[in-house]
Amino acid sequence: MQHQFSPNMLKTFRECPRKFDFRYLQNIQMPVNDDIFEFGKNIHALASYYLKKEFIDKMEKSLTAKEFEVWLYLKSCKYFAYDVINTEYNLSVRIGNHFFGGRLDALVKNENKYYILDYKTGTAPKNAKYDYQTMIYILAVSEFFKTNNITFVYLDLKNRTETNIEFNEVLGQEYKTNLLKISEEIENYESAPKKIECKNLETNPKNIFSCEYLTICY
């Protein structure tokens, strides 16, 4: 069976196959923190309009003090002065029997180099080089634009830092291997779901709400 995998789907499966089952196979959606979601959504929307050179004065005035502070930092980054290819950009790449894709916050270009921008208003990945988002987005851009001259840029808006991942052919082959491996694991799980021990209960047994699915899982 052919699938379309997003970075979040793969992260969820790696975290807990049962959680993946609930969210993506049974389509059971649980409540999220609306404040955190709205904050990130506002910043991403503003960045997209700004890069498209649309009028944003009214949007800026509607920001909270915290949002405006974060926005000023993001707007001043050097990448926003580069040529804009697209924002909120949906791209996918076929690897093996499956498609892997997602939505890039922005893709910009300076001379012959492409920069994938990802704004993080929450937690940035601990191992950005091998984050599923990094692997999928870089491979998708490489395939679509026929180039390896790509840098993935994580902009951590909370800590005012950035992480850069430079792409090359060796890394590309490693990414493809990793994505093929987890897609095979998902296929095997779907064909014969197994009992999975809950890591949340093992590491934090007193906090039954450490996972939003825990109340319906056990």
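Computed from a prediction, not measured in an experiment: that's the story for all the values here.

Tracing the chain through its elements places arginine 23 in helix 2 (residues 17-25). The residues touching arginine 23, leaving out its near neighbours within four places in the chain, are Thr12, Ile28, Gln29, Glu212 and Tyr213.

This part is about helix 6 (residues 132-145). Because the α-helix completes a turn every 3.6 residues, residues three or four places apart line up on one side. Over its 14 residues, helix 6 runs 20 Å from end to end, which matches the ideal 20 Å to within 8%, given 1.5 Å per residue. Burial of helix 6 is extensive: 11 of the 14 residues sit out of reach of the surface. Within helix 6, the full set of buried residues consists of Tyr132, Gln133, Thr134, Met135, Ile136, Tyr137, Ile138, Leu139, Ala140, Val141 and Ser142. Between the side-chain oxygen of the N-cap and the backbone nitrogen of glutamine 133 there are 2.9 Å, and the N-cap of helix 6 in question is aspartate 131. Looking at the residues trailing helix 6, positive phi occurs at lysine 146, about 55°.

Attention shifts here to the packing of helix 1 (residues 7-15) against helix 7 (residues 169-191). Running from N to C, helix 1 and helix 7 cross one another at 65°; their axes reach a closest spacing of 11 Å. Here helix 1 and helix 7 pass one another in a crossing that is left-handed. Residues Leu10, Phe13 and Arg14 of helix 1 lie in contact with helix 7, whose contacting residues are Leu179, Ile182, Glu185, Ile186 and Tyr189. Looking at the contact of helix 1 with helix 7 residue by residue, the class counts come to 6 nonpolar, no polar and 2 charged.

Two numbers describe how helix 1 lies on helix 6: the axes approach to 9 Å, and their chain directions differ by 150°. Pair helix 1 / helix 6 crosses with right-handed handedness. Contacts from Pro7, Leu10, Lys11 and Arg14 of helix 1 reach helix 6 at Tyr132, Gln133, Ile136 and Tyr137. A per-class count over the contact of helix 1 with helix 6 returns 5 nonpolar, 1 polar and 2 charged.

This part is about the side chain of aspartate 21. When you line up the elements, aspartate 21 lands in helix 2. Those residues in contact with aspartate 21, other than ones at most four positions away along the chain, are Gln26 and Tyr189.

Time to look at helix 1. Three or more residues of helix 1 are buried, namely Pro7, Met9, Leu10, Thr12 and Phe13. Among the structural elements, strand 1 (4-5), helix 2, strand 3 (98-110), helix 6 and helix 7 are those in contact with the buried residues of helix 1.

A separate point is the confidence of the model for the protein chain. Do not read the fine detail of predicted coordinates wherever pLDDT is low. Of the residues in the protein chain, 88% reach a pLDDT of 70 or more, and the chain-wide mean stands at 89. Across the protein chain, the element-wise mean pLDDT spans from 59 in helix 8 (residues 199-203) up to 98 in helix 6.

Right, let's talk about the packing of aromatic side chains for a bit. Applying the stated criterion across every chain, the model contains 18 aromatic pairs. Ring centres of tyrosine 79 and tyrosine 115 lie 5.5 Å apart, and the angle between their planes is 50°; this geometry places the pair in the tilted category. Placement of tyrosine 79 in the loop between helix 5 (65-75) and strand 2 (83-95) and of tyrosine 115 in strand 4 (residues 113-120) is noted, with a sequence separation of 36 residues between them. Classification of tyrosine 115 as buried rests on a relative accessible area of 13%. Measuring from ring centre to ring centre gives 4.9 Å for tyrosine 114 and phenylalanine 145, while their planes differ by 35°; the resulting arrangement is tilted. One end of the pair, tyrosine 114, is in strand 4; the other, phenylalanine 145, is in helix 6, with 31 residues separating them in the sequence. Residue classification places tyrosine 114 among the buried positions, given a relative accessible area of 10%. Under the relative-accessibility criterion, phenylalanine 145 is labelled partly exposed at 21%.

About the cut-offs
Residues numbered from 1 in each chain as written. Predicted model: local features only at pLDDT ≥ 70, side-chain atom pairs only at ≥ 80, totals over all residues. Heavy atoms only, no water. Helix = DSSP H or I, 4+ residues; strand = E, 2+ residues; numbered from the N terminus. Contact = heavy atoms within 4.5 Å. Expected span 1.5 Å × (residues − 1). Buried < 20%, exposed > 50% of the residue type's maximum accessible area, 1.4 Å probe, protein only. Polar contact = N/O pair within 3.5 Å; in protein donor to acceptor, adjacent residues only side chain to side chain. Axes fitted to C-alpha atoms, helices over the stretch in contact; angles between N-to-C directions. Left-handed = near helix turned anticlockwise from the far one by under 90°. Nonpolar A, V, L, I, M, F, W, Y, C, P; charged D, E, K, R; others polar. pLDDT = per-residue confidence, 0-100. Phe/Tyr/Trp six-rings, centres within 6.5 Å; stacked < 30°, edge-to-face > 60°.

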